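Take a look at the letters that make up each chain.
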Amino acid sequence: MSRSNISSLTKKLLFNILGFLFTAIGAVGRFVPLVPTTPFILLAAICFSKGNQKIYNWLRKSPFFGPYIENYRTKQGISRLHKAVSISLLWIGLVISMIRLQTTWAYFVLIIVGIGVTVHLLMIKTRKDEDV
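Attention here is on the structure that accompanies the text.

Conventions adopted
- Residues numbered from 1 in each chain as written.
- Predicted model: local features only at pLDDT ≥ 70, side-chain atom pairs only at ≥ 80, totals over all residues.
- Heavy atoms only, no water.
- Helix = DSSP H or I, 4+ residues; strand = E, 2+ residues; numbered from the N terminus.
- Expected span 1.5 Å × (residues − 1).
- Buried < 20%, exposed > 50% of the residue type's maximum accessible area, 1.4 Å probe, protein only.
- Salt bridge = Lys/Arg side-chain N within 4 Å of Asp/Glu carboxyl O.
- Contact = heavy atoms within 4.5 Å.
- Polar contact = N/O pair within 3.5 Å; in protein donor to acceptor, adjacent residues only side chain to side chain.
- 1 Å grid on protein atoms, 1.4 Å probe; cavity = no way out; pocket = protein on both sides within 12 Å on 5 of 7 lines; lining within 4 Å.
- Points joined across faces, edges and corners; volume = space filled by probe spheres on them.
- Nonpolar A, V, L, I, M, F, W, Y, C, P; charged D, E, K, R; others polar.

**Structural notes on helix H2 (residues 38-51)**
Structurally, the α-helix is built with 3.6 residues per turn, so residues lying three or four positions apart point the same way.
(1) Moving on: For H2, built from 14 residues, the straight-helix expectation of 20 Å at 1.5 Å per residue is met to within 8% by its first-to-last C-alpha distance of 20 Å.
(2) Moving on: Buried within H2 we find Ile41, Leu42, Ala44, Ala45, Cys47, Phe48 and Gly51.

Next up, the structure:
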């Protein structure tokens, strides 16, 4: 096997490993309010597009992750319902964290993070066609 083939296989393997890692973190983000989903799923899509086209296509068609990729790719935005649920879960998670930590510095940090993420979510384009 030539050097370029080994180098190509090594790059594909690395992209696949990173793709699976980012997919796993993104999956956690679907259920844990302070872990972002979208950036990790987008990174996974980029890695799989370079490492394994079949997995990339599966990720794009997945009902669980596909909308994140397509909404970003087509610049369609997210629904009002998705924004409301995301912001609600974010603040519920932050309040639970504040109750458990009970320290002034943690309140300050969590409130700043919450405000930043809330503003970011509100600034993302809102899709009107999927609102219920």
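**Describing the pattern of salt bridges**
(1) Moving on: Summed over all chains, the structure comprises one salt bridge.
(2) Moving on: Here Arg60 makes a salt bridge to Glu70, at a shortest N to O gap of 2.8 Å. Placement of the pair is Arg60 in helix H3 (residues 53-61) and Glu70 in helix H4 (residues 66-73), with a sequence separation of 10 residues.
(3) Moving on: What makes Arg60 partly exposed here is its relative accessible area of 27%.

**Overview of the environment of Lys83**
(1) Moving on: Checked against the element boundaries, Lys83 lands in helix H5 (residues 80-101).
(2) Moving on: For the pair Lys83 and Ser49, spaced 34 residues apart in the sequence, the C-alpha separation amounts to 28 Å.
(3) Moving on: Not counting chain neighbours up to four residues away, the residues in contact with Lys83 comprise Ile78, Leu121, Leu122, Ile124, Lys125 and Thr126.
(4) Moving on: Looking at Lys83, its side chain comes within polar contact range of the main-chain oxygen of Leu122, at 3.4 Å.

**Focus on the environment of Ile115**
(1) Moving on: Tracing the sequence through the fold places Ile115 in helix H6 (residues 104-123).
(2) Moving on: The sequence separation of Ile115 and Asn5 amounts to 110 residues, and the corresponding C-alpha distance is 49 Å.

**Side note on unusual backbone geometry**
Leaving glycine out, the prevailing phi sign among residues is negative, and the prevailing peptide bond configuration is trans.
(1) Moving on: Its identity as a non-glycine residue notwithstanding, Gln102 has a phi of 45 degrees, on the positive side.
(2) Moving on: Locating Gln102 in the fold gives a position in the loop between H5 and H6.
(3) Moving on: The exposure class of Gln102 is exposed, given its relative accessible area of 58%.

**Considerations on the layout of surface pockets**
(1) Moving on: Roughly 1,200 Å³ of internal volume is contained in the largest pocket.
(2) Moving on: Around the largest pocket, the lining is made up of 35 residues, and of these Thr38, Tyr68, His82, Ser86 and Leu121 lie nearest the centre.
(3) Moving on: Contributions of two or more residues to the lining of the largest pocket are made by H2, H4, strand E1 (78-79), H5 and H6.
(4) Moving on: It is H5 that provides the largest number of residues to the lining of the largest pocket, a total of six residues.
(5) Moving on: Considered class by class, the residues forming the lining of the largest pocket number 21 nonpolar, 10 polar and four charged.

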